[in-house]
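# Summary of the model geometry
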Amino acid sequence: MSEPFEVKDCALITLATGLKAFTCREIAEAVARVDASSIYHHFWGGLLRPGLEDPEYQNDFAAWAWHGLNDAVLAERLSIIDPTAFPDTEELRQELIDVIEEHIDESETAKWKAANFEFHFINSQLVIFDTKVRLHEPEDLRINAPLMSVGSIYYHLIDGRGRSYTGANDFSGWLLQFGEKYLALADKIAEIDPYFTTLVDLKADLVFILDAYMDGVS
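Rules used throughout
- Residues numbered from 1 in each chain as written.
- Predicted model: local features only at pLDDT ≥ 70, side-chain atom pairs only at ≥ 80, totals over all residues.
- Heavy atoms only, no water.
- Salt bridge = Lys/Arg side-chain N within 4 Å of Asp/Glu carboxyl O.
- Helix = DSSP H or I, 4+ residues; strand = E, 2+ residues; numbered from the N terminus.
- Buried < 20%, exposed > 50% of the residue type's maximum accessible area, 1.4 Å probe, protein only.
- Polar contact = N/O pair within 3.5 Å; in protein donor to acceptor, adjacent residues only side chain to side chain.
- Contact = heavy atoms within 4.5 Å.
- Core = buried A, V, L, I, M, F, W, Y, C linked by side-chain atoms within 4.5 Å.
- Phe/Tyr/Trp six-rings, centres within 6.5 Å; stacked < 30°, edge-to-face > 60°.
- Lys NZ or Arg CZ within 6 Å of the ring centre and 35° of its normal.
- 1 Å grid on protein atoms, 1.4 Å probe; cavity = no way out; pocket = protein on both sides within 12 Å on 5 of 7 lines; lining within 4 Å.
- Points joined across faces, edges and corners; volume = space filled by probe spheres on them.
- Nonpolar A, V, L, I, M, F, W, Y, C, P; charged D, E, K, R; others polar.

What follows is about the pattern of salt bridges. Counted under the stated rule, the structure contains 13 salt bridges. The salt bridge involving D211 is made with R142; its shortest N-O contact spans 2.9 Å. Highlighted residues: D211 in helix α11 (residues 199–217) and R142 in helix α7 (residues 138–144), separated in sequence by 69 residues. R142 serves as the salt-bridge partner of D215, at 2.6 Å between the closest nitrogen and oxygen.

You can see T198 is positioned in the loop between α10 (183–190) and α11. A relative accessible area of 8% means that T198 is categorised as buried. From its side chain, T198 meets the backbone nitrogen of D201 in a polar contact 3.1 Å long.

Turning our eyes to something else, we now look at helix α3 (residues 60–67). When α3 is considered as a whole, its buried residues turn out to be D60, F61, A62, W64 and A65. Where the residues of α3 are buried, they touch β1 (5–21), α1 (24–33), α2 (36–44), α4 (72–79), α5 (89–106) and β2 (119–135). The opening residue of α3, the one whose side-chain oxygen lies 3.1 Å from the backbone nitrogen of F61, is N59.

So, on to the nonpolar core. Inside soluble globular proteins, nonpolar side chains tend to come together where they are buried. Core analysis: the largest hydrophobic core is formed by 63 residues, its most contacted members being F61, L78 and I189. Considering each element in turn, this core owes the most residues, eight residues, to α11. Once you skip the residues sitting within four places of it in the chain, F61 turns out to touch I27, V31, I39, H42, F43, L78, L96, F119 and F121.

Our next topic: the packing of aromatic side chains. For the structure shown, the criterion picks out 14 aromatic pairs. Considering the side-chain rings of F5 and W174, the 5.5 Å spacing of their centres and the 70 degrees angle between planes classify their relative orientation as edge-to-face. Placement of the pair is F5 in strand β1 and W174 in helix α9 (residues 170–175), with a sequence separation of 169 residues. Both residues of the pair, F5 and W174, belong to the buried class. When the ring of Y182 is compared with that of Y213, the centres are 6.0 Å apart and the planes differ by 45 degrees; the resulting orientation is tilted. Residue Y182 is found in the loop between α9 and α10, and its partner Y213 is found in helix α11; the two are separated by 31 residues along the sequence. The ring of Y155 has R163 sitting right over it, with the charged end atom 4.0 Å from the ring centre.

Right, let's talk about the layout of surface pockets for a bit. Empty space among the atoms can be located by rolling a probe the size of a water molecule over them. One number sums up the size of the largest pocket: a volume of about 460 Å³. As for the largest pocket, its lining consists of 16 residues, and the residues nearest its centre are Y40, P87, T89, R161 and G162. Contributions of two or more residues to the lining of the largest pocket are made by α2, α5 and α8 (150–163). For the lining of the largest pocket, the leading source of residues is α8, giving five residues. Here the residues of the lining of the largest pocket are counted per class, giving seven nonpolar, five polar and four charged. The computed volume of the second largest pocket comes to approximately 150 Å³. Forming the boundary of the second largest pocket are P4, F5, E6, K8, Y155, H156, R163, N169, D170, G173 and W174. Breaking the lining of the second largest pocket down by element, the ones donating at least two residues are β1, α8 and α9. Looking at the lining of the second largest pocket residue by residue, the classes come out as four nonpolar, three polar and four charged.

Right, let's get into the environment of I13. Among the structural elements, I13 can be located in strand β1. Here I13 is in contact with N123, S124, Q125 and V127, once residues within four sequence places are set aside.

So, about the side chain of H156. The topology assignment puts H156 in helix α8. A residue is classified by how much of its surface remains accessible, and H156, at 2% relative accessible area, is buried. Here K8 takes part through its backbone nitrogen, which lies 2.9 Å from a polar atom of the side chain of H156. Apart from the residues lying within four places of it in its own chain, the contact partners of H156 are F5, E6, V7, K8, R163, N169, D170 and F171.

Printed below as a string of structure tokens:
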């Protein structure tokens, strides 16, 4: 018998680290020693920050390179880093350092230019809430997905990948309990790109996939 799916919601509590940077060199040095949770926050936390559902740049490092340093080249290079392409935060950290260091080597301006404002490194803690909603069958997921908050989408589609030893999101992992019939659906949901998008669009993608699949198998 399959376990019911417990729908959770979440919110971010942000905590200052005390680390800050004005230049490319300073930010590279800070990235090398800041806690991994801060790296994670600056790539993913923007999705949950109120009013920033559709940021110009997906991660905070790229946004600072553009708005703080007015460096379009570095901003572009940082903006295309996809955290889902790295098996862990330490490899993501190294990629971030490599991109910044390479830019410093290539640009005379980047060696000395100070930003208009500091980059403040932030840690965050995810606070989890139980919505009391329980799903018992895959059809329940279809019915409830349109009603879920963006916090629930973040927790189950994004944060769930880090909590699973297989890297699967919570929805796909749960659907696998129902056997081969829902394997394709689990795979389809797993293929959703969780990074270069917004939580509103992620939710819309999930709802579309569930409707298309359920209509196809019914």
